[in-house]
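Each chain, written out:
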Amino acid sequence: MNRTIVSLFSGLLFAIGLALAGMTDPLKVISFLDFTGAWDPSLAFVMGGAILVYAPVYRLITRASEPRFDSTFHLPTRKDIDLRLVAGAAMFGLGWGLSGFCPGPALVSVMSFGTDALVFGASMAVGMVAFGIWQQRRA
Amino acid sequence: MTEFTPISSTVGGILIGLSSLLMLGFNGRIAGISGIVGGIWGASSSERAWRAAFLFGLLGGGLLVFAVAPRAFGDGSPTSLPWLVVAGLLVGFGTRTGNGCTSGHGVCGMSRLSPRSIAATLVFMAVAAATVFVTRHLVG
């Protein structure tokens, strides 16, 4: 129950952060990615601001033995850079550049009820489920 | 050309960082949107609850933004609907295949100095910028 409440609040705060940052405006995202055109560097400040807060406190928090509402920290441990990682990141980059939507802002934008966000959000969900089915078949 | 907004973008980034710290400190989880939301599919019922709650938080936040500051959505995506379908499939399948997106790799992973996240962030940034170069300057 506690975990669920934290997640709900965290998602809400994340959405407000994305909107305030300008990440929910696809044209702004595309302008950020347009290095050779009318470049708008604003969104570099989003990643900068987030890392500025997260990086130092991450180190303090994970020094504790366990998180408040779980018995362990669920952190990725792999360090190898394999083809699957690079191919997946490339697919994501292609879709992001084409649309101006990455997953968080896309989900927040669904609630604007714009046709673009609804179509993108539905396709993204299909892509995620397709991956899930593919993984189940391989297992 | 969009307006340069260093202050609101930094403040927004700080809120994203704080939200991610809540997930870490209380739930022990990385705040990666594609992982949390994509992981709803096939998760056990106890796992599904917190993942779905995060998704509802995002959607609730979207509704709040729509009510208070609808201009945050700009004029939507300039991309045509067929290309939005292609882009959505690529983003959904690609982020799951590459284990993360802008939040999980770009913020959390970069902060942890994870080699995989640094590599993934460089790749998706470079491919996205190359894509925009092609669509805006070569065929646009």
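Residues numbered from 1 in each chain as written. Chains lettered and ligands numbered in written order. Predicted model: local features only at pLDDT ≥ 70, side-chain atom pairs only at ≥ 80, totals over all residues.

Draft legend 1. Spatial organisation of the overall build of chain A. Looking only at helices and strands, chain A features 6 helices and 0 strands. Oriented by its inertia axes, the alpha-carbon framework of chain A measures out at about 50 × 40 × 35 Å. (Helix = DSSP H or I, 4+ residues; strand = E, 2+ residues; numbered from the N terminus.)

Draft legend 2. Looking closely at the overall build of chain B. Of the regular secondary structure elements, chain B holds 6 helices and 0 strands. Written out in order from the N terminus, the α and β elements of chain B read α-α-α-α-α-α. Across its three principal directions, the C-alpha atoms of chain B cover 50 × 35 × 30 Å. For chain B, buried positions account for 57% of its 140 residues. For chain B, restricting intrachain contacts to residue pairs at least 6 apart in sequence, the fraction spanning at least 24 positions comes to 43%. (Buried ≥ 20, exposed ≤ 12 C-beta atoms within 10 Å, placed from the backbone. Contact = placed C-beta atoms within 7 Å.)

Draft legend 3. View of the interface of chain A and chain B. On the side of chain B, 105 residues touch chain A, which itself brings 106 residues to the contact. Counting residues per element, the side of chain A that touches chain B draws most heavily on helix 1 (residues 2–21) of chain A, which supplies 18 residues. Among the residues forming the side of chain A that touches chain B, the class breakdown is 66 nonpolar, 29 polar and 11 charged. (Nonpolar A, V, L, I, M, F, W, Y, C, P; charged D, E, K, R; others polar.)

Draft legend 4. Here's a closer look at the confidence of the model for chain B. Within chain B, residue pLDDT values average 96, and 99% of them lie at 70 or more. With pTM at 0.97, the complex prediction returns an ipTM value of 0.97. (pLDDT = per-residue confidence, 0-100.)

Draft legend 5. The arrangement of helix 6 (residues 115–138) of chain A in detail. Along its 24 residues, helix 6 of chain A runs 35 Å from first to last C-alpha, staying within 8% of the 34 Å computed at 1.5 Å per residue. Residues Asp-116, Ala-117, Val-119, Phe-120, Gly-121, Ser-123, Met-124, Ala-125, Gly-127, Met-128 and Phe-131 of chain A constitute the buried set of helix 6 of chain A. (Expected span 1.5 Å × (residues − 1).)

Draft legend 6. Local environment of unusual backbone geometry. The backbone phi angle of Phe-113 of chain A is positive, close to 60°, even though this residue is not glycine. Backbone geometry at Leu-113 of chain B places phi at a positive 55°, although glycine is not the residue there. By the element assignment, Leu-113 of chain B lies in the loop between helix 5 (102–111) and helix 6 (115–138).

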